[in-house]
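Chain and residue survey
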Amino acid sequence: MAIKDIITVPNEILKKTSTQIETVDNNIKTLAKDMLETMYQHKGIGLAAVQIGILKNLIVIDVSEKDKEKNPLVFINPKIKRFSDEISNYEEGCLSIPDTFIEIERPKFCVVEYIGLDGKKKEMECDGLLSTCLQHECDHLEGKLIIDFLSKLKKEVLIKKLSKHKNSNRIVV
Ligand code: ZN
């Protein structure tokens, strides 16, 4: 297993669309493990492959409470099929955008279809924090970031600030 470097804005790769995974082979399994290690190391609750520079439709999530047993989830080719009308609100941070938190409204529930590490098609109902986290990560696969929820001007100011940001050791949850 290996801990990878996390790519931060304004790196252009974060804007790119990831591609479907055809076969769940050992490379994909290793990649998922590395992503989980990297996510835990950086104290994140979700990570998309693009954030370590790999443009594949793969995300990992663990929204278990601190000090409780870990609950790593791996989603290959995730596709959100249904959203609720009910909305929830979280202040979201992103491992690729240091020191930035943005309040974002998203559907409170969603149903995701994906492939598991066993290569089988699955479905999961997601609620609350898991729903938000999953939507945040699926956005990454389409090259969309939380700063894209801001107005154009606010976004430009923020990117300028972050471009000067050299401390990559900070922790974002
Ligand atoms: Zn993110």
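Before any of the text, the structure's been laid out above.
Within every chain, residues take consecutive numbers counted from 1 along the sequence as written. Given that this is a predicted model, residues contribute local features only at a pLDDT of at least 70 and side-chain atom pairs are listed and counted only at 80 or more, while totals for whole chains, interfaces and linings are drawn from all residues. Side-chain descriptors were evaluated using all non-hydrogen atoms of the structure, hydrogens and water having been removed beforehand.

Quick word on the environment of serine 163
Following the sequence through the fold, serine 163 ends up in helix H3 (residues 152-163). With 21 residues separating them along the chain, serine 163 and glutamate 142 place their C-alpha atoms 22 Å apart. Strands here are runs of E lasting at least two residues and helices are runs of H or I lasting at least four, both read from the DSSP assignment and numbered beginning at the N terminus.

Quick look at the pattern of salt bridges
The salt bridge criterion pairs a side-chain nitrogen of Lys or Arg with a carboxyl oxygen of Asp or Glu, the two atoms within 4 Å. Going through the model one piece at a time under the given rule, you end up with eleven salt bridges. Ionic pairing is found between aspartate 148 and lysine 155, a salt bridge with its closest N-O pair at 2.6 Å. Residue exposure (1.4 Å probe, protein chains only): buried if accessible area is under 20% of the type maximum, exposed if over 50%, otherwise partly exposed. For aspartate 148, a relative accessible area of 31% puts it in the partly exposed group. Where lysine 152 meets glutamate 156, a salt bridge forms, and the shortest distance between an N and an O atom there is 3.6 Å. Pair noted here: lysine 152 and glutamate 156 are both in helix H3, with a separation of four residues, about one helical turn. When salt bridges that share partners are traced, they join Lys81, Glu113 and Glu123 into one network.

Some points on the sheet that holds strand E2 (residues 58-61)
Across the sheet, five strands lie side by side as E1-E2-E3-E6-E7; this open sheet has antiparallel pairing. The open sheet has two free edges, formed respectively by strand E1 (46-48) and strand E7 (121-127), since each of these has just one partner strand. Taken over all neighbouring pairs, the strand axes of this sheet differ in orientation by 40° on average, direction set aside. DSSP-based pairing: two strands are paired if at least 2 bridges between them are found. Here an axis means a line fitted to C-alpha atoms, over the contact stretch when the element is a helix, while the angle between two N-to-C directions is reported on a 0 to 180 degree scale.

Concerning the environment of threonine 132
Considering the arrangement of structural elements, one finds threonine 132 in helix H2 (residues 128-141). Residue threonine 132 is classed as buried on the basis of its relative accessible area, which comes to 4%. When the C-alpha atoms of threonine 132 and isoleucine 104 are compared, they prove to be 9.1 Å apart, with 28 residues separating the residues in sequence. Whether two residues are in contact is decided by their heavy atoms, any of which lying within 4.5 Å being enough. Setting aside residues no more than four positions away along its own chain, threonine 132 makes contact with Ser88, Tyr90, Glu92 and Arg106.

Focus on helix H1 (residues 26-41)
Taking 1.5 Å of rise per residue, 16 residues should cover 22 Å, and H1 covers 22 Å from first to last C-alpha, within 8% of that figure. For H1, the full list of buried residues reads Ile28, Leu31, Ala32, Asp34, Met35, Leu36, Thr38 and Met39. Of the surrounding secondary structure, the elements contacted by the buried residues of H1 are E1, E2 and strand E3 (73-83). Pairing of N or O atoms within 3.5 Å defines a polar contact, subject to two protein rules: one partner must be a possible hydrogen donor and the other a possible acceptor, and residues neighboring in sequence count only if both atoms are side-chain atoms. The N-capping residue of H1, defined by a side-chain oxygen 3.3 Å from the backbone nitrogen of asparagine 27, is aspartate 25. For a helix, the expected span equals 1.5 Å multiplied by the number of residues minus one.

Focus: the coordination of the zinc ion
Coordination of the zinc ion by the protein comes from Cys94 (SG), His136 (NE2) and His140 (NE2), over a distance range of 2.1 to 2.2 Å. Binding-site remark: the zinc ion is held by donors from one chain whose sequence spacing is C-x41-H-x3-H. Of this pair, cysteine 94 sits in strand E4 (residues 87-94) while histidine 140 sits in helix H2, and the two are 46 residues apart along the sequence. For the pair cysteine 94 and histidine 140, one class covers both residues: buried. Each metal's donors are the N, O and S atoms within 2.8 Å of it, or within 3.2 Å when it is Na, K or Ca, and because water is not part of the set, sites may look incomplete.

A word on the environment of proline 72
One can find proline 72 in the loop between E2 and E3. With relative accessibility at 41%, the residue proline 72 sits in the partly exposed group. Sequence separation between proline 72 and leucine 36 is 36 residues, and the spatial gap between their C-alpha atoms is 7.3 Å. Discounting chain neighbours no more than four positions away, the residues touching proline 72 are Leu36, Tyr40, Ile61 and Asp62.

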